[in-house]
Amino acid sequence: MIFVKSFLIYWIAVLFIYFLGYILNFLLYSFSSDKPYKNIFYRIYNGMILLVAGYALLQTSSKSVFLCFLFLLLIYYLTFKKQISINVNLNAKKQFSLQSNFKQITLIFFISNIYLLFFYFLLFDDFFSDYPTRIVNSDYISYARVSEYLALTGQENVWNVHNLILEDYKGTSTFHFFSEWFVAFWVKITDFQSIYIQEIISYAFFAFLSTIGILAILEYYKASINLVDVVLASITTLFFKCIFIFEFKGISFFTFNAFGMPKLWIIYVVIISTLLQILYQNQLVAVLNLLFLPIFYFTAAAAVFSATTSYSFISFLLAQNKQDKANYLKAILISILSFLLIMLFYYLTSSSIAAFNTEKYPYVKTWINVVGGTCIQVLFLLLPFSVLLLLANVFNYKKFNLMELLLEFKNFIQKHLLLILIIFWGILVWATFHFIIDSVQLFQNVGVVTLNLLILNSIFYFGIKFNNKLVFYGLLITILAINLYQTSLRRANQFYSQEYIENIALLLQKYQPNPIGACLFGKENYYPENHDYYINHKYSVNTNSSVLGSQLKYIANFYNAVCITSMEIPNQEDAFVRSMVEKSCFYLYYKKYNLTDITEAKKRFIEQYKIKYVLASKFADISFLKNQILTIVEDKNTAEKFILLK
């Protein structure tokens, strides 16, 4: 049963990672703390990083972006070696106390199980099905495929299915590899389907870790954590975001949480870790911790490196003694060097597969629109919190003490300058690169996440400063209620019949065909007026974004189909469409052998690579296969066909 297997693997993962971090905490005295939630968070956080980085380096024979992580780890040690003492005495008194940690252990089980059930139910709708009828969109199918090929080939930037067919198809665009390596490890260890590990196990794990981190932040402000805090932190993890959605002249105000965009989980976790270091006055540790993020999630790089460099420079100017000045000068150099190393890695290992829109836009006009518009959005997003805090101030003091409140805001801004700079640089980077790439992600992936956590921390900071439970919980619950009202559950967007998936599973089990198949689209699939346009769009020319074959992820690992109708996409006069076609596997194959007839090329491709199954869309022409067909299974919901060849 899928649920039982998911449950067991999840708990093996949680406990294994926890004890990895616990061993590290045992060996390094400097990680000790009298804050239980902070201890739990960093045990799991450090264990998770140790697992992923170690596996990635081992699997790739050290040809991984995590080499840059080792560099940062070395810098961290050299910077703080005087504060780190190694515990080589295994008989030391520092033992695990079951009694003193019973409350925390109970909460770990309680919170973790809720998240596991939550993500499982979103995919299956119940707890008894063998296969889900809901299929997640092409992005998340793509991430699952990446994890499979990381586990299979051990090649970090050559993970495309095409690489198993054509040797001259090398490299790909940069990726957020941390989550993919996390899934890849458990695929390798358990042979469980990558999509289940990703959509259920990994998301539940990251949500759980984020909750523990939020409790650790709250623990900084409160003497003890009660059940209400745990419940609110759990809800906050899934649903907290920038409140209120406005539309003004076609511009939407940003509102993102990790639940709506689960690939952001690792960013939430790293920003939480950074915020904890800031709260405990470990500013340099916070800077170094933040530098891990571009290794884990590349699109955060520009904002993160700009923020850490500018923050370290400001701190260098304001530092009062030579030691602090020297430390911040080191931080500036480390930020710049880390940026150069990561850029060098991707330059050496990537290709130009990512298509850019190079149309020229006026820089000044774009800057004004993007920077001005985004700043207005951020101000509007912060306005409700400011009003509520002002009202809370009036409620708690006999007279309106504006100067005292402004002083508190000043102290808050000074203490959280590093996070504010991430948001600021996210906006500027977005504006700078707005005209060449999908630069929205350069802001939303790190800027909005940071803004969410900054707002949450401001509620903790000011709410507890007011020393009034009614104000604190009222503030938090009001905002969460608004967010819950606005949130739609992230559900899969394509439906297959259960019968279709089960029939394919039986055929794969019986015949065990070559895992690499072919997929066919018809021209009608690529027109916007067609209701299937989103799921069969131009990105489908590249295997890892193709929706055809999505259901295979729920049956077995490594079954993926290469699109062989890429050259039939209409509107190839468009530069973007043409660039995608020219980077497709079938186009490279066609040009490599100087073929002239596309239909004959399809036949030759299928024969040469021993392809034994084909997935065909409703509009695809399959007449050229008529002499090779062994059996056909058609889905009654989508009219998609699974064709087994002789």
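About the criteria used
Residues numbered from 1 in each chain as written. Predicted model: local features only at pLDDT ≥ 70, side-chain atom pairs only at ≥ 80, totals over all residues. Heavy atoms only, no water. Helix = DSSP H or I, 4+ residues; strand = E, 2+ residues; numbered from the N terminus. Buried < 20%, exposed > 50% of the residue type's maximum accessible area, 1.4 Å probe, protein only. Areas by Shrake-Rupley, 256 points an atom, 1.4 Å probe, with all protein chains shown as cover. Phe/Tyr/Trp six-rings, centres within 6.5 Å; stacked < 30°, edge-to-face > 60°. Lys NZ or Arg CZ within 6 Å of the ring centre and 35° of its normal. Salt bridge = Lys/Arg side-chain N within 4 Å of Asp/Glu carboxyl O. Axes fitted to C-alpha atoms, helices over the stretch in contact; angles between N-to-C directions. Parallel < 35°, antiparallel > 145°, perpendicular 65-115°, else oblique. Contact = heavy atoms within 4.5 Å. Nonpolar A, V, L, I, M, F, W, Y, C, P; charged D, E, K, R; others polar. Pairing = 2+ DSSP bridges. Patch = residues over 30% accessible without salt bridge, like charges linked within 9 Å, V, L, I, M, F, W, Y side chains within 5 Å. Arc of directions from axis to C-beta. Core = buried A, V, L, I, M, F, W, Y, C linked by side-chain atoms within 4.5 Å. Disulfide = S-S within 2.5 Å. Polar contact = N/O pair within 3.5 Å; in protein donor to acceptor, adjacent residues only side chain to side chain. pLDDT = per-residue confidence, 0-100.

The helix and strand inventory of the protein chain stands at 22 helices and 9 strands. In the protein chain, which comprises 646 residues, the proportion classed as buried is 57%. Only carbon and sulfur atoms are counted for the fraction: they give 63% of the accessible area of the protein chain, which is about 28,000 Å².

Another point: the environment of Ile427. Here Ile427 is to be found in helix H16 (residues 417-432). Relative accessible area serves as the criterion here: at 6%, Ile427 is assigned to the buried category. As for Ile427 and Phe443, which are separated by 16 residues in sequence, their C-alpha atoms are 5.8 Å apart.

In this section: the packing of aromatic side chains. Enumeration according to the criterion identifies 48 aromatic pairs in this entry. With centroids separated by 6.0 Å and ring planes inclined at 35 degrees, the aromatic side chains of Phe66 and Phe296 adopt a geometry described as tilted. Taken as a pair, Phe66 in helix H3 (residues 66-80) and Phe296 in helix H11 (residues 293-296) lie far apart in primary sequence, 230 residues in all. Put simply, the rings of Phe3, Phe7, Tyr120, Phe124, Phe192, Tyr196 and Tyr554 pair up and form one aromatic cluster. Sitting over the face of the ring of Tyr280, Lys38 holds its NZ or CZ atom 3.8 Å from the ring centroid.

With the rule as written, the count across this model stands at 3 salt bridges. Note that Lys553 and Glu148 form a salt bridge whose closest N and O atoms lie 2.8 Å from each other. You can see Lys553 sitting in the loop between strand S5 (516-520) and strand S6 (560-563) and its partner Glu148 sitting in helix H5 (residues 138-153), a full 405 residues away along the chain. On the basis of relative accessibility, which here comes to 0%, the residue Glu148 falls in the buried class. For Lys222, the salt bridge is made with Asp229, and the minimal N-O distance between the two is 2.9 Å. By the burial criterion, Lys222 is buried, and Asp229 matches it.

It is worth spelling out the packing of helix H2 (residues 36-59) against helix H6 (residues 177-190) at this point. Look at H2 against H6: their axes get within 9 Å of each other, and the N-to-C directions meet at 75 degrees. As the angle between them shows, H2 and H6 are arranged roughly perpendicular. On H6, the residues that touch Met48, Ile49, Leu51, Val52, Tyr55, Ala56 and Gln59 of H2 are Phe178, Trp181, Phe182, Ala184, Phe185, Trp186 and Lys188. Its residues assigned to classes, the contact of H2 with H6 comprises 12 nonpolar, 1 polar and 1 charged.

Paired through their backbone hydrogen bonds, the strands of a sheet run either parallel or antiparallel. An order of S6-S5-S7-S9-S8 is seen for the 5 strands of this open sheet, with the pairing classed as mixed. Both outer strands of the open sheet, S6 and strand S8 (629-634), are each paired with one neighbouring strand and no more. Adjacent strand axes in the sheet meet at a mean angle of 30 degrees when their direction is disregarded. As paired elements, S8 and strand S9 (residues 641-645) share 5 bridges and run antiparallel to each other. The partner of Ile629 across the bridge, within S9, is Leu645.

Further remarks concern a nonpolar patch on the surface. Taken together, the side chains of Met1, Val4, Phe7, Leu8, Ile12, Phe16 and Phe128 present a nonpolar region at the surface, about 720 Å² in accessible area. Along the chain, Phe16 falls in helix H1 (residues 2-27). In this structure Phe16 comes out as partly exposed when scored by relative accessible area, which is 38%.

Once that is clear, we can look at the side chain of Thr450. Take Thr450: it is sitting in helix H17 (residues 440-465). Once you skip the residues sitting within four places of it in the chain, Thr450 turns out to touch Ile271, Leu419, Ile422 and Ile423.

Of all the residues in helix H22 (residues 598-608), the buried ones are Ala601, Lys602, Phe605 and Ile606. Projection of H22 onto a plane perpendicular to its axis shows the buried side chains occupying an angular sector of 130 degrees, all on one side. On its buried side, H22 packs onto S6, helix H21 (585-592), strand S7 (613-616) and S9. Positive phi shows up at Lys610, right after H22, with a value of about 50 degrees.

The next subject is the nonpolar core. Residues Met48, Phe66, Tyr196, Phe205, Ile266, Phe296 and Phe642 are the most contacted members of the largest nonpolar core, which totals 175 residues. Leaving out residues up to four positions away in the same chain, Met48 has contacts with Ile17, Phe178, Phe205, Phe206, Leu209, Ile266 and Val269. Counting residues in hydrophobic clusters, the runner-up holds 28 residues, among them Ala518, Val562, Ile569 and Tyr587.

Let us look at the packing of H21 against H22. Packing of H21 against H22 leaves a shortest axis separation of 11 Å and a crossing angle of 100 degrees. Classified by the angle their axes make, H21 and H22 are roughly perpendicular. Where H21 approaches H22, its residues Cys585, Phe586, Tyr589 and Tyr590 are matched on the opposing element by Ile598, Ala601, Lys602, Arg604, Phe605 and Gln608. Residue composition of the contact of H21 with H22, grouped by class: 7 nonpolar, 1 polar and 2 charged.

Further remarks concern the pairing of S5. When you tally the buried positions in S5, you get 5 out of 5 residues, the bulk of the element. Residues Ile516, Ala518 and Leu520 of S5 are buried on one face, and the alternating residues Gly517 and Cys519, pointing to the opposite face, are buried as well. Note that S5 and S6 share 4 bridges and pair parallel. Paired with Cys519 across the two strands is Cys563, which belongs to S6.

Right, let's talk about unusual backbone geometry for a bit. A positive phi is found at Gln281, a non-glycine position, where the angle reads about 65 degrees. On the basis of relative accessibility, which here comes to 52%, the residue Gln281 falls in the exposed class.

The next subject is the state of the cysteines. Every disulfide links exactly two cysteines, by a covalent bond between their sulfur atoms. Considering all chains together, one arrives at 0 disulfides under this definition. Distance from the sulfur of Cys563, which forms no disulfide, to the nearest cysteine sulfur (Cys519) is 4.4 Å. Judged by its relative accessible area of 0%, Cys563 is buried. Cysteine Cys585 is unpaired, with the sulfur of Cys563 as its nearest cysteine sulfur at 9.8 Å.

With that settled, consider the side chain of Ser497. Looking at the element boundaries, Ser497 is found in the loop between strand S4 (494-495) and helix H19 (498-511). Overall, Ser497 belongs to the buried group, its relative accessible area being 6%. At a separation of 2.8 Å, a polar atom in the side chain of Ser497 contacts the side chain of Asp635. Non-local contacts of Ser497, meaning those with residues more than four positions away in its chain, are made with Asp635, Lys636 and Asn637.

Attention now goes to the confidence of the model for the protein chain. In this model, the protein chain carries a mean pLDDT of 77, and residues with pLDDT of at least 70 account for 71%. Here residues 244-251 is a poorly scored stretch, pLDDT under 50, and it has 15 contacts once near neighbours within four places are set aside; other chains count. Predicted confidence is poor over residues 351-363, with pLDDT under 50, and the contacts of this stretch with residues over four places away or in other chains come to 21 contacts.

Following the sequence through the fold, Leu107 ends up in helix H4 (residues 102-124). In this structure Leu107 comes out as buried when scored by relative accessible area, which is 10%. When residues no more than four places from it in sequence are discounted, the contact partners of Leu107 are Tyr37 and Val230.

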